[in-house]
Amino acid sequence: MAYNTLEVTKDGKVCIIKLARPKALNALSNELTMELASALEKLDKDDNVHCVILTGSEKAFAAGADIKELQDGTFLSMYDHDVFALYWESVARFRKPILAAVAGYALGGGCEIAMMCDFIIAADNAKFGQPEINLGVMPGAGGTQRLTKAVGKAKAMDMCLSGRMMNAEEAERAGLVSQIVPLDELMETALTTAKKIAHQSLPITMMTKEAVNTSFETSLSQGIRFERRLFQAMFSTEDQKEGMAAFAEKRTPHFKNK
Ligand code: CAA
């Protein structure tokens, strides 16, 4: 399917979604986020897709919500349309592994969408920020919550209150990104990583993601019980038998996603 604001390509079991509004630095318009939600809904049902990479351009992953669309909003229009819950959160709701490959600006909603992904690989020119304070608002798509959980109170408060950006090195030190690579190696690294994930058993990667995400929503003892139950459930899959047999037989496992 063709989109106006996205370029969607496949490489084996990996799907790459490129945000493509270059003239607006990939500002997250309603059209873009609706298309993103629709693309993810299709990929969720596509058995041939095991992992997704969300990326932007070399200059901008995304420079935030589309300010020109937002500027005339009222409380009631924002409340009524509730686009963050409807469309944006489709990234956080996506059940298969999804990673963000971030180059350039990931600001405001751009940083928030990147944080909804399972992890972020950053190019060395990446800049993360929640500059909404400069616009007379604050982060509205999870930034005050997800950024705080990712980098802790001090840095989250600093970024949300002062609006300053973090470069890639600071973001890695703070735990916001999993690794930094040179800009010209970003997509290759993201693809290699995504292919590694896509090669695993899909139900097992999905359950693993669910278990890690549960740590943000629950107490330690409940989270550990949830993890244990999923771990036990994995022994009902053929892929657990195959994975362990392959290890014992010193061969590569061939997962059937069952
Ligand atoms: N919304 C709409 N348009 C945007 C945009 C945004 N978030 N960010 C950039 N653009 C547009 C600019 O208006 C400009 O368009 P024109 O050529 O038509 O004037 C084009 O993209 C290029 O931008 P700049 O000329 O500003 O490029 P620059 O290199 O000088 O600066 C930048 C880059 C520092 C990222 C700057 O564009 C900027 O500060 N952008 C806004 C960042 C921001 O405040 N993001 C938060 C948005 S609110 C939000 O996201 C709320 C939420 O929590 C969901």
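Predicted model, so just to flag it, every value in this text is computed and none were measured.

In this section: a nonpolar patch on the surface. On the surface, a cluster of nonpolar side chains totalling about 270 Å² of accessible area is made up of Ile67, Leu135 and Val137. Along the chain, Ile67 falls in helix H2 (residues 67-70). For Ile67, a relative accessible area of 44% corresponds to the partly exposed category.

Right, let's get into the side chain of His50. Mapped onto the fold, His50 is located in the loop between helix H1 (30-45) and strand S3 (51-55). Given the relative accessible area of 3%, His50 is considered buried. Here the side chain of His50 touches Asp47 through a polar contact of 3.5 Å, landing on its backbone oxygen.

Relative orientation of the contacting elements helix H6 (residues 109-116) and helix H7 (residues 143-151) amounts to 60 degrees, with a least axis distance of 10 Å. Of the possible angle classes, the one that applies to H6 and H7 is oblique. In the packing of H6 onto H7, the handedness of the crossing is left-handed. On H7, the residues that touch Glu112, Met115 and Met116 of H6 are Gly143, Arg146 and Leu147. A per-class count over the contact of H6 with H7 returns three nonpolar, one polar and two charged.

This part covers the sheet that holds strand S2 (residues 14-19). If you walk across this open sheet you meet the six strands as S1-S2-S3-S5-S7-S10, and the pairing is mixed. In the strand order of this sheet, the two ends are held by strand S1 (6-11) and strand S10 (179-181), each with one partner. Across this sheet, the average inter-strand angle for adjacent strands is 20 degrees, counted without regard to direction. Inspection of the sheet shows strand S5 (residues 98-102) paired to strand S7 (residues 119-123) by four bridges, in the parallel sense. From the neighbouring strand, Ala101 faces S7, where its bridge partner is Ile121.

The tally for this structure, following the rule as stated, stands at three aromatic pairs. Centroid distance Phe75 to Tyr79: 5.5 Å. Interplanar angle 25 degrees. Geometry classified as stacked. On the criterion of helical spacing, the pair formed by Phe75 and Tyr79 is a turn pair, its members being four residues apart in helix H3 (residues 75-81). In terms of burial, Phe75 and Tyr79 fall into one category: exposed. A ring pair is formed by Phe84 and Trp88, whose centres lie 4.6 Å apart and whose planes are at 70 degrees; its orientation type is edge-to-face.

This part is about H6. For H6, a buried count of eight out of eight residues is recorded, marking the element as mostly surrounded by other parts of the structure. All of the buried residues along H6 are Gly109, Gly110, Cys111, Glu112, Ile113, Ala114, Met115 and Met116.

Now for the site of the ligand. Close to the ligand lie 24 residues, the nearest being Ala65, Lys68, Gly109, Glu112 and Glu132. Contacts to the ligand include Gly109, whose backbone N or O atom sits 2.8 Å from an oxygen atom. Taking Gly140, its main chain carries an N or O atom lying 2.9 Å from an oxygen atom of the ligand. Of all the elements in the fold, those that place two or more residues in the shell around the ligand are H2, helix H4 (83-88), strand S6 (105-107) and H6. Here the shell around the ligand is composed, by residue class, of 14 nonpolar, four polar and six charged.

This next bit is on the sheet that holds strand S8 (residues 127-129). Overall, mixed pairing links the four strands, which are arranged S4-S6-S8-S9 in an open sheet. Since the sheet does not close on itself, it has two edges, and those belong to strand S4 (60-62) and strand S9 (166-167), each with one partner. Relative to S6, S4 runs parallel, the two being bridged by two bridges. Directly across from Ala62, in S6, lies its bridge partner Ala106.

Right, let's talk about the packing of H7 against helix H8 (residues 153-162) for a bit. Working note: a packed helix pair is described by the angle between its axes plus the distance between those axes. Contact geometry of H7 with H8 gives a least axis separation of 7 Å together with a crossing angle of 140 degrees. In terms of orientation, H7 and H8 fall into the oblique class. Viewed along their axes, H7 and H8 form a crossing whose handedness is right-handed. Touching Leu147, Thr148 and Val151 of H7 are Lys153, Lys155, Ala156, Met159 and Cys160, all from H8. Looking at the contact of H7 with H8, its residues break down into five nonpolar, one polar and two charged.

Rules and cut-offs
Residues numbered from 1 in each chain as written. Predicted model: local features only at pLDDT ≥ 70, side-chain atom pairs only at ≥ 80, totals over all residues. Heavy atoms only, no water. Patch = residues over 30% accessible without salt bridge, like charges linked within 9 Å, V, L, I, M, F, W, Y side chains within 5 Å. Areas by Shrake-Rupley, 256 points an atom, 1.4 Å probe, with all protein chains shown as cover. Salt bridge = Lys/Arg side-chain N within 4 Å of Asp/Glu carboxyl O. Helix = DSSP H or I, 4+ residues; strand = E, 2+ residues; numbered from the N terminus. Buried < 20%, exposed > 50% of the residue type's maximum accessible area, 1.4 Å probe, protein only. Polar contact = N/O pair within 3.5 Å; in protein donor to acceptor, adjacent residues only side chain to side chain. Axes fitted to C-alpha atoms, helices over the stretch in contact; angles between N-to-C directions. Parallel < 35°, antiparallel > 145°, perpendicular 65-115°, else oblique. Left-handed = near helix turned anticlockwise from the far one by under 90°. Contact = heavy atoms within 4.5 Å. Nonpolar A, V, L, I, M, F, W, Y, C, P; charged D, E, K, R; others polar. Pairing = 2+ DSSP bridges. Phe/Tyr/Trp six-rings, centres within 6.5 Å; stacked < 30°, edge-to-face > 60°. Near = heavy atom within 4 Å.

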